[in-house]
Amino acid sequence: MTSKSPRRTGLMLTGGFLAFAVSPTMTTGAAAQELIVGFIAPMTGPFAQVGKDMVNGFEMYAGQVKGDFAGAKIKFILEDDQARPPTAVLKAEKLIRQDKVHLVVGGVLASEGYALAPISTREKVVYIPSVPASDDLTQRDAAKYPYVVRTGWSSSQPTHPFGEWACEQGYKRIVAIAADYAFGYESVGGFQKTFEECGGKIIQKIWPPLNAIDFGPYIPTIKQDADAIFTLMVGPMSLQFPKQLAAAGNKKPVIGGGTSYDEFTLPSMGAEVIGHVSALQYSAALDTPKNAAFVKAYRAKYGKVPSYFSETNYTTAQMIHEVMKQTRGKWPGADEFVKLLASVKVDAVRGPVSLDDMRNPVQNIYIKKVEKKKMFGYDKEELWNTVIKTYPNVSQFWKYDKETFLSQPVYSRDFPPCKFCE
Amino acid sequence: MSSRSKSIVVIGVLLAVGLIAPHTNAFGVLLITRAMVLAVLAMSLDLLLGFTGLPSLGQAAYLGIGAYLTAILATKYSFGLGWSFWLVVVLGTSIGAATAAIFGLLAIRATGVYFLMITLALGQCVWGLAYRWNSVTGGDNGINLPGRPEFGIRLADDVTYFYVVFCFFVASLAMLYVLVQSPFGRSLEGIREREVRMRILGYNTWLHKYIAFIIAGAFGGLAGVLWAHANGHVSPEDLVLTTSVDALLMVVLGGSGTLMGGAIGAGVVVFLREYLSTLVPWWQYALGGVYILVILYLPGGLMSIPVRIRQWRTGGRLPMRKPLRWRRI
């Protein structure tokens, strides 16, 4: 080999890095009347469906107001995080450094919320976790993250009332089976706390890993003398679990976290989920004129029923709009924006939403049952999450005193301890 | 080619990168820093794959151990945020080596596909530990680092941190280069080509492979320390199987048995995955296409392009080069 060829390699390499160097030069400062929203959602991977619903929700609101937030033109920059915390971190850095966004919105998993919040503090950029429900973002760590304002929910918020509801049904002994990560622990933890306080017993906890699709090793271990099964599944898990549970011959009532019965999975589900009950701050079958209009418009535009992922981002856009109305379309700066957003009260699709002093929504929690029926004048029988009970204005602290609640550790795999586990 | 002209090219490229990188935008520096860290990991794997003929699918484990050590020391003991950063570097490297020393006892007895499977399993064990050992690793939530170290110079500044990583990268490259050029490195290549013959010649091939495995683990641990501070966040997602596969693909993409190949592969993969993905939605096809094209038409990796061009120019046969090892696996 002559010495010519390596030189060529060198040239090519330099060329490659030059491309690196030259291409990201489109950085622009924000125009005065422009609101740049960096949106992080999974577009690929197992959570791609969730990501689509999220983007649809936000875009639908922006479309309805023609991208005009009280005079500020909205610029929407979407980044794919594949629902992986390290990718989400990198994409947030990109949005903040290169695109100079005013707001970072999104992320899906609770772990992503915990990973993204410190960046908002470090870079002094507003972060709105519209989906990540990690309790501590607005509880024990809220002081650490002054730029985080939540428009979605905290994991244990719906399961607190749900525990009491389970007592009212006369359930005494319940087995919990939930995805093995923060969102699972916190949802189960909230349920266990209130359920055991009104006399129930959690007799077993099973933790299949996140994104498990074969529940064969877990289902047979479920204690046969339980009154009911509490499940918390996310994304593709929620489709597989009820099927395999039914195939194993389960006759026990199944109740669960809201994400086990997301509207985008219902069309692919069958009779096995009819009668299952879950709790969440939104149901597409919510019988209010506002929601009926939302579902119809959404379905006409995207060809499917909106899930809570769509609604929460729709409402997020609405809340951002409310703030911009107050500032007449001018960007007020991150600190001021947080203050304004935290005091916004909206009549959202899901019901009235306001924020508590730790910047988490106070909102209705709906107990809903999967039923096959006709809804909103559609002529086909479909599965809907029919609302059977409403707990109005539920805060993340439920009926507890804030200080007392915060003095207990965050719900985890070991807290509350499983006193009645057999 | 003479090794002298080769070195001149490499030094030229390194200088160019070192000079150009800070002038990209704030996000570009971050990406190049990440690529450099992954390049250290890829080069450590190349020592096994390219020089010793051991295809490891568990290299992310060492990255993970180094990264978690850094994060745990920083958050639980506030250690490694000042001058002690250098101690953490040493500790991270040592723990990578120590882990490899344990894993090596189990893995080195196997070769080929079996080696692949054992390293894969060991890598998954470490992942499982990171995912399940909540009290120490924070489980799926991972660990947020309090910030980068500061000792007179502030590493929080991205350009400064880039230069630190750059120096580590250059040092790793130099050390590994010296290593593979040494008699020890030559015997590794001998083992790769024909282990039985080396054994007949009186070499303790097991020990050679074991030492190479430990050295690779050490550099993996080093990459982990740098990785933790580059991201400011450590998560079990950092050491999933995908990261190990990525490292393997980087080496194959760039050209195994070349050291620089792994670095180039790391650059290409980071560029396609992290940068192209911010521009176009079809980046996955681009990444997949590059992998397929390289494996089909450039089994020697991107580093073999000059040879290919020469071959095409002269219309002649390939000059005698090492056989394409990848096929043997």
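Note that the structure is a prediction, hence the values are computed from the model and not measured. Within every chain, residues take consecutive numbers counted from 1 along the sequence as written. The naming scheme follows written order: chains are lettered A onward, ligands numbered 1 onward. Note on the predicted model: pLDDT of at least 70 is required for a residue's local features to be given, and 80 or more for side-chain atom pairs to be given and counted; whole-chain, interface and lining totals, by contrast, use all residues.

Draft legend 1. Looking closely at the overall build of chain A. Numbering goes from the N terminus for both helices and strands, where a helix is a DSSP run of H or I of at least four residues and a strand is a run of E of at least two. A tally of helices and strands in chain A yields eleven helices and 14 strands. This radius of gyration counts C-alpha atoms alone. The globule rule is 2.2 Å times how many residues there are, raised to the power 0.38. For a compact globule of 422 residues, the expected C-alpha radius of gyration is about 22 Å, and chain A comes in at 23 Å, within 12% of that figure. Every one of the 422 residues in chain A was classed for burial, and the buried ones make up 53%. Whether two residues are in contact is decided by their C-beta atoms, placed from the backbone, lying within 7 Å. For chain A, long-range pairs separated by at least 24 residues make up 72% of all intrachain contacts whose partners lie at least 6 apart in sequence. Here the C-beta atoms are placed from the backbone, and a residue counts as buried if at least 20 other C-beta atoms lie within 10 Å of its own, exposed if 12 or fewer do, and partly exposed otherwise.

Draft legend 2. Up close: the overall build of chain B. Along the backbone of chain B there are 14 helices and four strands. Across the 329 residues in chain B, those meeting the buried criterion constitute 51%.

Draft legend 3. Structural view of the sheet that holds strand 1 (residues 34-41) of chain A. Residue and element names in this part refer to chain A. One open sheet holds the five strands; their spatial order is 2-3-1-4-5, and the pairing between them is mixed. If you trace the sheet from one side to the other, it starts and ends with strand 2 (68-69) and strand 5 (126-128), each paired once. Sheet topology places strand 2 next to strand 3 (residues 72-80); two bridges connect them, and they run antiparallel. Paired with aspartate 68 across the bridge in strand 3 is lysine 73. One requirement defines pairing of two strands: DSSP has to find at least two bridges between them.

Draft legend 4. Representation of the packing of helix 11 (residues 241-254) of chain B against helix 12 (residues 260-279) of chain B. Residues and elements named next belong to chain B. The axes are straight lines fitted to the C-alpha atoms, using for helices just the contacting stretch, and the angles between their N-to-C directions are given from 0 to 180°. Contact geometry of helix 11 with helix 12 gives a least axis separation of 7 Å together with a crossing angle of 115°. Taken together, the axes of helix 11 and helix 12 are roughly perpendicular relative to one another. At the point where helix 11 passes helix 12, the crossing takes the right-handed sense. Packed against helix 11, whose contacting residues are Asp246, Leu249, Met250, Val251, Leu253 and Gly254, the element helix 12 presents Gly261, Gly262, Ala263, Ile264, Gly265, Ala266, Val268 and Val269 at the interface. When residues are sorted by character, Ala, Val, Leu, Ile, Met, Phe, Trp, Tyr, Cys and Pro go into the nonpolar class, Asp, Glu, Lys and Arg into the charged class, and all the rest, Gly among them, into the polar class. Along the lines of polarity and charge, the residues of the contact of helix 11 with helix 12 split into nine nonpolar, four polar and one charged. Roughly parallel covers angles under 35 degrees, roughly antiparallel covers those over 145, roughly perpendicular covers 65 to 115, and oblique covers all other angles. Left-handed is the label given to a crossing in which the near helix is rotated counterclockwise from the far helix by less than a right angle, and right-handed is the label when the rotation is clockwise.

Draft legend 5. Representation of the domain arrangement of chain A within the structure. Residue and element names in this part refer to chain A. The domains assigned to chain A are domain 1 (34-153 + 289-355) and domain 2 (156-280 + 364-407). Domain segmentation is taken from an automatic or database assignment of domains. The C-alpha centroid of domain 2 is placed 26 Å from the C-alpha centroid of domain 1. Tallying the contact residues gives 26 residues for domain 1 and 19 residues for domain 2. Of all elements in the fold, only helix 2 (48-64), helix 4 (110-123) and helix 8 (289-302) reach the threshold of two or more residues within the side of domain 1 that touches domain 2.

Draft legend 6. Geometry of the packing of helix 5 (residues 156-168) of chain A against helix 6 (residues 182-197) of chain A. Residue and element names in this part refer to chain A. At a minimum axis separation of 7 Å, helix 5 and helix 6 run at an interaxial angle of 35°. Note on packing geometry: the crossing formed by helix 5 with helix 6 is right-handed. For the pair helix 5 and helix 6, the contacting residues are Ser156, Thr159, His160, Phe162, Gly163, Glu164, Ala166 and Cys167 in the first and Glu186, Ser187, Gly189, Gly190, Phe191, Lys193, Thr194 and Phe195 in the second. In terms of residue class, the contact of helix 5 with helix 6 is built from five nonpolar, eight polar and three charged.

Draft legend 7. Structural detail: the nonpolar core. Ala92, Val104, Leu116, Ile174 and Ala179 of chain A are the most contacted members of the largest nonpolar core, which has 115 residues in total. Counting residues per element, this core draws most heavily on helix 9 (residues 308-326) of chain A, at eight residues. Split by domain, this core shows at least three residues from each of two domains, domain 1 (34-153 + 289-355) and domain 2 (156-280 + 364-407) of chain A. Phe85, Val89, Ala216 and Val225 of chain B belong to the second-largest nonpolar core, a separate cluster that totals 99 residues. By convention the nonpolar core is taken to be a set of buried residues drawn from Ala, Val, Leu, Ile, Met, Phe, Trp, Tyr and Cys and joined through C-beta atoms within 7 Å.

Draft legend 8. Structural detail: the pairing of strand 10 (residues 277-280) of chain A. Residues and elements named next belong to chain A. Burial along strand 10 is two-sided: the residues Val277 and Ala279 and Ser278 and Leu280 are all buried. Bridging between strand 9 (residues 254-257) and strand 10 involves three bridges; their strand directions are parallel. Across the sheet, residue glycine 257 finds its bridge partner in strand 10, namely alanine 279. Of the pairings in the sheet, the one linking strand 10 to strand 13 (residues 361-373) comprises four bridges and is antiparallel in character. The partner of alanine 279 across the bridge, within strand 13, is isoleucine 367.

Draft legend 9. Focus on unusual backbone geometry. All names here are of chain A. Omega for the peptide link from phenylalanine 415 to proline 416 comes to -5°, which places this bond in the cis form. Checked against the element boundaries, proline 416 lands in the segment after helix 11 (402-407). Its identity as a non-glycine residue notwithstanding, lysine 66 has a phi of 55°, on the positive side. Looking at the element boundaries, lysine 66 is found in the loop between helix 2 and strand 2. Of the residues examined, lysine 66 has 9 C-beta atoms within 10 Å and is grouped as exposed. Of note, phenylalanine 376 is a non-glycine position whose phi angle comes to about 50°, a positive value. Within the secondary structure, phenylalanine 376 is located in the loop between strand 13 and strand 14 (382-394).

Draft legend 10. Summary view of the confidence of the model for chain B. All names here are of chain B. What pLDDT conveys is the predictor's confidence in a given residue, as a value from 0 to 100. Confidence in the prediction for chain B averages 88 pLDDT; 95% of positions are at 70 or higher. Every residue in residues 323-329 is under pLDDT 50, and counting partners more than four places away or in other chains gives eleven contacts. Here the predicted complex carries an ipTM of 0.83, next to a pTM of 0.85.

Draft legend 11. Structural detail: helix 2 (residues 26-52) of chain B. Residues and elements named next belong to chain B. Taking 1.5 Å as the rise per residue, helix 2 with 27 residues should run 39 Å; its terminal C-alpha atoms sit 39 Å apart, in good agreement. Where helix 2 bends most, at aspartate 46, the angle is about 35°. Extensive coverage of helix 2 is indicated by the burial of 25 of its 27 residues. Positioned one or two residues after helix 2, glycine 53 has a phi angle of 75°, which is positive. In this scheme, a helix's expected span is set at 1.5 Å multiplied by one less than its residue total. We define the bend at each residue as the angle formed by axes fitted to the 7 residues ending at it and the 7 residues starting at it.

Draft legend 12. Inspection of helix 9 of chain A at higher detail. All names here are of chain A. Look at helix 9: 27 Å from first C-alpha to last across 19 residues, which is about the 27 Å you get at 1.5 Å a residue. A large share of helix 9 lies buried, amounting to 16 of its 19 residues. Of the residues trailing helix 9, arginine 328 is marked for its positive phi of about 55°.

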